[in-house]
Amino acid sequence: MAVNSVNMEMARAVITAAEEEHSPIIINIGVGQMANLAHPTEMVPMIKEMAERATVPVALNLDHGQKFEDEVSAIQWGFSSVMIDASSYPYEENVKRTATIAALAHQKGICVEGELGHVEQAVQYVKDTGVDALAVAIGTAHGNYPKGYVPVLDFDRLAELKAALKMPLVLHGGSGSGEENIRKAVAGGINKINVCTDAFHAAEDAMKAAWEENPSLNYMQIMMVAEQAIKKFVKDYIRVIGSNNQYVYGETVT
């Protein structure tokens, strides 16, 4: 599970939830999020320090990097992994951009996630770029779905991709996709699920409810409410995907 975290409270909630559930975890930070609030100057050292103290493995991933300079900056900052999203480009340009980043990142021992617009080319794409993980399109989308809508995922396509690639696959747009879909995706070979919108909503809903109950809550108190809500959300999600109790300090449970 990879959770986008834009401030200290979110990152701490995610890591604490993972520790309590004995689950490895990934902190995601998007390029736009770093530009607006989650400034890497403060966030990266803080997350790395919390990761070093954590009793479970914690990775830090650049989410949806598109510009060369964004990827290089993340590599220099010491992110555990970077995602290069060149899926909007023609295949050849996608390969060129992704392969360049993969070569640079691998020199530093950093993993690379790529994204491909047309999954039919997936095997060749992985061979051409050298990526370590692939974000696949099986029916999810980023952001909010219309109220009451649950996406229909293409599990047959997922099975074909997993069988052909035999590598870690990533599901973007994990928010709002429904517990049954998420469980089936994990069972079908998804190794990393990106979640952002649902984590934001958990904090927002909890803060609104707390203020309605007690309008005099101050900034510190309301941030504590948000942190606890995100922590609960992450713990619940970890249980849904079945990564709880997969790591006891110092060893991986098999």
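K.L.:
What's the story with the overall build of the protein in this structure? I'm lost.
P.N.:
Of the regular secondary structure elements, the protein holds 10 helices and 10 strands. The principal-axis extents of the C-alpha atoms in the protein amount to approximately 60 × 40 × 40 Å. Within the protein, the proportion of its 254 residues that are buried is 49%. Across the protein, every contact between residues at least 6 apart in sequence was considered, and the portion connecting residues at least 24 apart equals 65%. The averaged location of the 32 negative side-chain charges in the protein is 2 Å from the averaged location of its 20 positive side-chain charges.

K.L.:
Please explain helix H5 (residues 91-107) as it appears in this structure.
P.N.:
An α-helix turns once per 3.6 residues; consequently, residues spaced three or four apart project the same way. Spanning 17 residues, H5 covers 24 Å between terminal C-alpha atoms, matching the ideal 24 Å at 1.5 Å per step. Along H5, the positions that sit buried rather than exposed are Tyr91, Asn94, Val95, Thr98, Ile101, Ala102 and Ala105. Each buried residue of H5 sits inside an arc of 145° when the element is viewed along its axis, so together they form one side. More than 90 degrees from the buried face of H5, the exposed residues found are Glu92, Lys96 and Gln107. Contacts from the buried residues of H5 go to helix H4 (68-77), strand E4 (81-84), strand E5 (111-115) and helix H6 (122-129). Downstream of H5 by a residue or two, Gly109 has a phi angle that is positive, lying close to 75°.

K.L.:
How should unusual backbone geometry be read in this particular structure?
P.N.:
Comment: phi is negative for the bulk of residues other than glycine, and the bulk of peptide bonds are trans. Look at His22: it is not a glycine, yet its phi comes out positive at around 55°. Tracing the backbone shows His22 in the loop between helix H1 (8-21) and strand E2 (25-30).

K.L.:
What is the right way to look at the packing of aromatic side chains in this model?
P.N.:
Both the distance between ring centres and the angle between the ring planes are used here to describe each pair of aromatic rings. Applying the stated rule across the entire model yields 2 aromatic pairs. Above the face of the Tyr89 ring, Arg97 is positioned so that its terminal group lies 4.1 Å from the ring centre.

K.L.:
Explain the nonpolar core here, please?
P.N.:
When a protein is soluble and globular, its nonpolar side chains tend to lie buried together. Counting residues in hydrophobic clusters, the biggest one holds 75 residues, and the most contacted among them are Met1, Val82, Leu134, Leu169 and Val234. By residue number, the principal contributor to this core is helix H10 (residues 219-241), which donates 10 residues. Discounting residues that sit within four places of it in the chain, Leu134 has contacts with Gly114, Glu115, Leu116, Ala122, Tyr125, Val126, Leu165, Met167, Pro168, Leu169 and Val170.

Conventions adopted
Residues numbered from 1 in each chain as written. Predicted model: local features only at pLDDT ≥ 70, side-chain atom pairs only at ≥ 80, totals over all residues. Heavy atoms only, no water. Helix = DSSP H or I, 4+ residues; strand = E, 2+ residues; numbered from the N terminus. Buried < 20%, exposed > 50% of the residue type's maximum accessible area, 1.4 Å probe, protein only. Contact = heavy atoms within 4.5 Å. Lys, Arg positive; Asp, Glu negative; His and termini not counted. Charge placed at Lys NZ, Arg CZ, Asp CG, Glu CD. Expected span 1.5 Å × (residues − 1). Arc of directions from axis to C-beta. Phe/Tyr/Trp six-rings, centres within 6.5 Å; stacked < 30°, edge-to-face > 60°. Lys NZ or Arg CZ within 6 Å of the ring centre and 35° of its normal. Core = buried A, V, L, I, M, F, W, Y, C linked by side-chain atoms within 4.5 Å.

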